[in-house]
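A look at the structure
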Amino acid sequence: MSEVDLIEGFRDPEHMKALAALIKKECKSKINIMEVCGGHTHTIMKFGLSQILPEFIEFVHGPGCPVCIMPKERIDHAIALASMPNTILATLGDMIRVPGSKTSLQKLRAEGKDIRSLYSPLDVIKIAQENPDKNVVFFAIGFETTTPMSAVLMQHTIENKLTNVFFHINHVTVPEAVEAIMGDGNALIDAFLGPSHVSVITGYKIYEPIAEKYHTPIVVAGFEPTDVMESVLRIVRQVNEGKSVVDNEYARAVSREGNLKAQALVNTYFEKRTHFRWRGIGDIPNSALKLRAEYAAFDAEIVFDDVLPKTELNDHKLCICGDILKGRAKPFDCKVFGKACTPTNPMGSCMVSSEGACSAYFKYGKLNLKGARA
Amino acid sequence: MSKKILLSHGGGGEETQNLIKELFFKHFDNEILLRMEDAASLVMESTKIAFTTDSFVVSPLFFKGGNIGKLAIAGTVNDLSMMGAKPKYLTCSFMIEEGFEYAKLEEIVISMRDEMAKSGVKIVAGDTKVVPRGGVDGLFINTAGIGEIQYEGISAHNLAEGDVIIVSNEVGNHGACILATREEIELESDLQTDCASLWKPVEALINAGVKIHALRDATRGGLSAVLNEWAETSKVCIEVDEAKIPVAQEVKGVCELLGFEPYEFANEGTMVICLPQSEAQKALDVLQRFPETTKCALIGKVTTAFTCKVVLHTPWGSERFLEPPKGELLPRIC
């Protein structure tokens, strides 16, 4: 790890200052840039990038946090599945903390239900082998980045002839979400920072139709501070030249075609859902995946259909996560932000995950408030 | 078959006596302990006494650069040292799971002996319980300690404008090391815990006449928790320069991979010192003489820009509040 510098070079103070000076010099008009991915929201807030950029550059925080966009009824699915007898529910990271309509997986775990928080989906294989008399349900979340890992898990489940592993698939896709935001014509978005890790898998070709249709420059950016600054500069230059094309700043990891092997594996096991409800945004057609019909025996939504609640649930009426996800409001515009809604006791989805816009503002953003410094 | 700890080792009978004599007395050997009374009878030179206790439940029990035993000694020695107290006597309770390997227990006991030698502290009373399988996870240790206060007035209430903040070592090594050792993560790394007894450098600071306002070892919650508690308690602002905070490259790597902040990671041999600016150079000169504090650095200052806040300055001129750590970061790191 220490032999290759993957951190310091991308945070070099002189490089940062030089990029900030160039952007300041070249940016001549207001540009609203949506960073689609929660990882970029995190970078922008953690490293205080808005503070060193001109006021013309406004970041709009997009819907790219998989935990945040999960509607409450699907969290209730996880809770219902975990509550079944003889069941182990396994999922990734922050999902454990998200409140459903009545409880969270974290609280259920404290009551004695067997809920595992994984770093790698492949741990499910070991859990299933060690517990042959139990059903192991993998509650899969994430954008195109994590979908290949679920596909590999499916492959290993079949290869190991495991019959006690089930999948509840909540994988969602970026282009349809961006289309949904731009499609209603109300979005004030001039350009996009394209996601880093999603693009490693999909390739940057998936953004070309969006750039063309909405005349928005899209720069695929890495997650480090200099990546974001360099990408903002490239957006400014496109705007100045009247261009709107897909550009790839994260060339050290992203190609036009992406990871073809991963894409093929995903296509083997998954197909598009016609409908998927996004928290705060609503139904977005073709924006999510499900297991193909031939793998129905592994599909928790089919096998355990009788225990899964069907009612659609919306957020508390004071919560404005929907507007935040669409870029129409900032976390500070919310009446309950930091008061009734905090990372320890989140009311809305954007406060739950560390990648959520509200959580990032809560943790890093208070000094960005105008007049904060005495 | 390897020798195991049995329930009978905690039964209070012959097997218990054998375990105590052959293992604990052999390594913790001192006159007060060997008297085997119901309680240790102690004579203290000072009437100003510091008294503390801590329980150690770290998982895994062994990690790079230490184990639960070293941690159990250094942890309590450091709690006393942070009050300016010379660590004198410890008690030690072992709660052992039936079937625990004798050889592992001896390895832990030997590292406790070696760690005690660094500060001169002694275990003068102890207790051993063996619980059925599943009762504890391998081994838990509690240590309590008393020390004689050599420097009075150290307090989290003391921070004042014009003071500066020093950390004694790189931050985050212990938390990152434990995280990397966890079986579910499988990171290969040479990262070692910073686990160390800090009495020697603290004693040297006192002997050099350094004026200390506040002193704390940055254990659970890390640097961030200490600075936020101080800012809150003294109703001041602490402003730190991110570029000056020493963080090992590997710790930065672990943090980037898993989405943590090094400032929130636990340390087990790293202290934070607040003192008047005029004392800073003298303190740094003293600390640089000790291997466990040679990487010390001045990282920031106390101001009145905000009340009860910690401000982190980036090297390119932006700033943010360093919020206190929240939620479940890492269970059972110490």
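Thresholds, definitions, all that
- Residues numbered from 1 in each chain as written.
- Chains lettered and ligands numbered in written order.
- Predicted model: local features only at pLDDT ≥ 70, side-chain atom pairs only at ≥ 80, totals over all residues.
- Helix = DSSP H or I, 4+ residues; strand = E, 2+ residues; numbered from the N terminus.
- Rg over C-alpha atoms; globule rule 2.2 N^0.38 Å.
- Buried ≥ 20, exposed ≤ 12 C-beta atoms within 10 Å, placed from the backbone.
- Contact = placed C-beta atoms within 7 Å.
- Pairing = 2+ DSSP bridges.
- Nonpolar A, V, L, I, M, F, W, Y, C, P; charged D, E, K, R; others polar.
- Axes fitted to C-alpha atoms, helices over the stretch in contact; angles between N-to-C directions.
- pLDDT = per-residue confidence, 0-100.
- Domains from an automatic or database assignment.
- Arc of directions from axis to C-beta.

Let us now look at the overall build of chain B. Across its full length, chain B holds nine helices and 13 strands. On C-alpha atoms alone, chain B measures out to a radius of gyration of 21 Å, which is about the 20 Å that the 2.2 N^0.38 rule sets for 334 residues. Burial analysis of chain B (334 residues in total) assigns 48% to the buried set. Sequence-distant contacts, at least 24 apart, represent 87% of the contacts inside chain B between residues at least 6 apart.

Our focus in this paragraph is the environment of D38(B). All names here are of chain B. Mapped onto the elements of the fold, D38 is located in the loop between α2 (31-34) and β1 (49-56). D38 sits in the exposed class, given 5 other C-beta atoms within 10 Å. Between the C-alpha atom of D38 and that of E292, which follows or precedes it by 254 residues, the distance is 37 Å.

Moving on: the pairing of strand β12 (residues 309-313) of chain B. All names here are of chain B. Across the five residues of β12, four count as buried, placing the element largely inside the fold. When strand β9 (residues 237-241) meets β12, the two strands line up parallel, connected through five bridges. From the neighbouring strand, C237 faces β12, where its bridge partner is K309. With three bridges joining them, β12 and strand β13 (residues 319-321) adopt antiparallel strand pairing.

Before going further, it helps to examine the interface of chain A and chain B. At the interface, 22 residues of chain A touch 22 residues of chain B. Secondary structure elements with two or more residues in the side of chain A that touches chain B: α1 (13-26), α3 (49-52) and α15 (357-364) of chain A. Of the residues in the side of chain A that touches chain B, the class split is twelve nonpolar, five polar and five charged.

So, about the sheet that holds strand β6 (residues 139-149) of chain B. All names here are of chain B. The strand order across the open sheet built from four strands is β1-β6-β4-β5, with neighbouring strands paired in mixed fashion. In this open sheet, the two edge strands, each paired with only one partner strand, are β1 and β5 (122-131). Neighbour to neighbour, the strand axes of the sheet diverge by 15° on average, direction disregarded. Sheet topology places strand β4 (residues 85-97) next to β5; nine bridges connect them, and they run parallel. Within β5, the residue paired with Y89 across the bridge is K122.

The next subject is the confidence of the model for chain A. In the predicted model, chain A carries a mean pLDDT of 91, and 97% of its residues have values of at least 70. Within the model, pLDDT remains below 50 along residues 369-374 of chain A, and this stretch shows six contacts once partners closer than five positions in the same chain are excluded.

Take the sheet that holds β12(B) next. Residue and element names in this part refer to chain B. As summarised here, the arrangement of the seven strands in space is β8-β10-β7-β11-β9-β12-β13, forming an open sheet in which the pairing is mixed. Looking at which strands have only one partner, the edges of the open sheet turn out to be β8 (214-217) and β13. When the angles between neighbouring strand axes are averaged without regard to direction, this sheet yields 25°.

With that out of the way, let us pick up the domain arrangement of chain B. Residue and element names in this part refer to chain B. Considered domain by domain, chain B is made up of domain 1 (7-149) and domain 2 (163-321). A C-alpha centroid distance of 28 Å is found between domain 1 and domain 2. Residue-level contacts link 21 residues of domain 1 with 21 residues of domain 2. Looking at the side of domain 1 that touches domain 2, the elements with two or more residues in it are α3 (68-81), β4 and α4 (102-119). Among the elements that take part in the side of domain 1 that touches domain 2, α3 stands out by supplying eight residues, more than any other. When grouped by side-chain class, the residues that make up the side of domain 1 that touches domain 2 number nine nonpolar, seven polar and five charged.

Glancing now at unusual backbone geometry. Following S59(B), the chain continues to P60(B) via a peptide bond in cis, the omega torsion being 0°. Among the secondary structure elements, P60(B) is positioned in the loop between β1 and β2 (62-63). Positive phi, normally seen in glycine, also occurs at N86(A), with a value near 55°.

Take helix α6 (residues 199-207) of chain B next. Residues and elements named next belong to chain B. Within the span of α6, buried status applies to W199, P201, V202 and L205. One side of α6 carries all its buried residues, which in axial view fall inside an arc of 170°. Among the structural elements, α3, β4, α4 and α9 (280-287) are those in contact with the buried residues of α6. G209 sits one or two residues past α6 and shows a positive phi near 80°.

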